[in-house]
Amino acid sequence: MKIIAITIRHLKMKLKQPFTTSFGTFVHKEFLLLEAKDESGIVGWGESVAFDSPWYNEETLKTTWHMLEDFLIPLILNKQISHPDEVSKLFKNIRKNNMAKSTIEGAVWDIYSQITNQSLAHALGGKKDKIEVGISIGIQKSLDEQMSVVEKAIQDGYKRIKVKIKPGWDVEVIRELRKNFPETPMMADANSAYTLQDAELLKQLDEFNLTMIEQPLASDDIIDHAVLQKQMNTPICLDESIHSVEDARKAIELGSCGVINIKIGRVGGITEAKKIHDLCEEKGIPVWCGGMLESGIGRAHNIALTTLSNFVLPGDTAGSNHYWEEDIILPEVITENGYITVPQVSGIGYKVNLEAIDKYTMATKYYHS
Ligand SMILES: O=C(O)CCC(=O)C1=CC=C[C@@H](O)[C@@H]1C(=O)O
Ligand SMILES: [Mg+2]
């Protein structure tokens, strides 16, 4: 295949409810969509998961657009590509900027699976026809509200509940949740809000039989996490700290985690995500697919990735109606009793709803050779 044209769109969609983490609150999601066309007219879609502010990591919507326009698009336009694994090779001289890279790579995987007439899940080697779904619940205004939002999610059938914690909103909240929902698989995500000095406090979480605690310490750390993991029974799950299969190898060797959350954008694309998956499988480290409040396009890629065998824990891949009044794919992603049925049609498995996309688009730019 040869990519001959790329369109970038900047979208802004209102979340159904604000999402609060230890680093801030999202009311809207602003993001880039990338539409790539090959020489035979086949179109593939990718979504940039970078936020409009550098809260979660250093990339933003504007830095990803700059990287795409000035570096990555020129490297890919008109290049002969026989397999999407080659995209990361084309980008090898560009350091980091993983979310920008994965935006194009996702579209190439979509085109590749259409050309080879298979679903993206099948093209990746995935075998599941349905996947287990968890939900990530933001910090609420009061303990009562937190309890009722979690209760509703349990009633909706989600297979695991993840709640966000931060200093001042941690042990007592989890204690209360456990008291009310003793059997529910539950985990806490700190988004790097603590340091090793908080070890005594974090160790109190061992009491509550959490499936894991996600990214308690600094976003660039694997050393202190190894120290903390030795003191805690609850498995630590790394999110922000893992950008590549090399990071994963080092973290596993150090004993920094018992679980890894794989996010396609954070690791630079599906090819790298698969490598991390394979390494973790070999080392006996379970993985799950993280979410970045994606629209249906990014979510479709996440669903396909989750069909790989070592995604043994439910991911943050809740259905469209959890996030949006109206998603930009057809049909929307539906979660039923905690499962999503994996689409079998070729490509990402969902039709892109151009009418909806137009409604949310704030800017568009077209690139061709
Ligand atoms: O439902 C989702 O898409 C997952 C939401 C979620 O937990 C996250 C989204 C964005 C940034 C982070 O706060 C975060 C995470 O750390 O996993
Ligand atoms: Mg996280």
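The following paragraphs examine the structure supplied in this document. Since we're looking at a predicted model, the values are computed, not measured.

**Some remarks on the coordination of the magnesium ion (ligand 2)**
Then, in step 1: For the magnesium ion (ligand 2), the protein coordination sphere consists of Asp189 (OD), Glu214 (OE) and Asp239 (OD), at 2.1 to 2.4 Å.
Then, in step 2: Here the donor residues of the magnesium ion (ligand 2) are spaced in sequence according to D-x24-E-x24-D. Placement of Glu214 in strand β8 (residues 213-214) and of Asp239 in the loop between β9 (236-238) and α9 (245-254) is noted, with a sequence separation of 25 residues between them.
Then, in step 3: Judged by its relative accessible area of 0%, Asp239 falls in the buried class.

**Considerations on the pairing of strand β2 (residues 24-38)**
Then, in step 1: Among the 15 residues in β2, 11 count as buried, and that is most of the element.
Then, in step 2: Of the pairings in the sheet, the one linking strand β1 (residues 3-21) to β2 comprises 14 bridges and is antiparallel in character. Each residue of the ladder has a partner; that of Ala5, found in β2, is Lys37.
Then, in step 3: Between β1 and the antiparallel strand that follows it, β2, lie 2 residues.
Then, in step 4: Bridge count between β2 and strand β3 (residues 43-47): 5 bridges; the pairing is antiparallel. Each bridged residue has a counterpart across the sheet, and for Leu33 the counterpart in β3 is Glu47.

Here is what the cut-offs are and how they apply
Per chain, residue numbering runs from 1 following the sequence as it is written. Lettering of chains starts at A and numbering of ligands starts at 1, both following the order in which they are written. Restriction of local features to residues with pLDDT of at least 70 applies here, the model being predicted, together with a cutoff of 80 or more for giving and counting side-chain atom pairs; totals for whole chains, interfaces and linings are based on all residues. The side-chain figures draw on all heavy atoms in the structure; neither hydrogens nor water molecules are used. Metal coordination here is assigned from N, O and S atoms located within 2.8 Å of the ion, or within 3.2 Å for Na, K and Ca; omission of water means that sites may look incomplete. Secondary structure is summarised from DSSP: a helix means a run of H or I of at least four residues, a strand means a run of E of at least two, and numbering begins at the N terminus for each. Buried residues are those whose accessible area, probed at 1.4 Å on protein chains only, stays under 20% of the maximum for their type, while exposed residues exceed 50% and partly exposed ones sit between those limits. We treat two strands as partners when DSSP finds at least two bridges between them.

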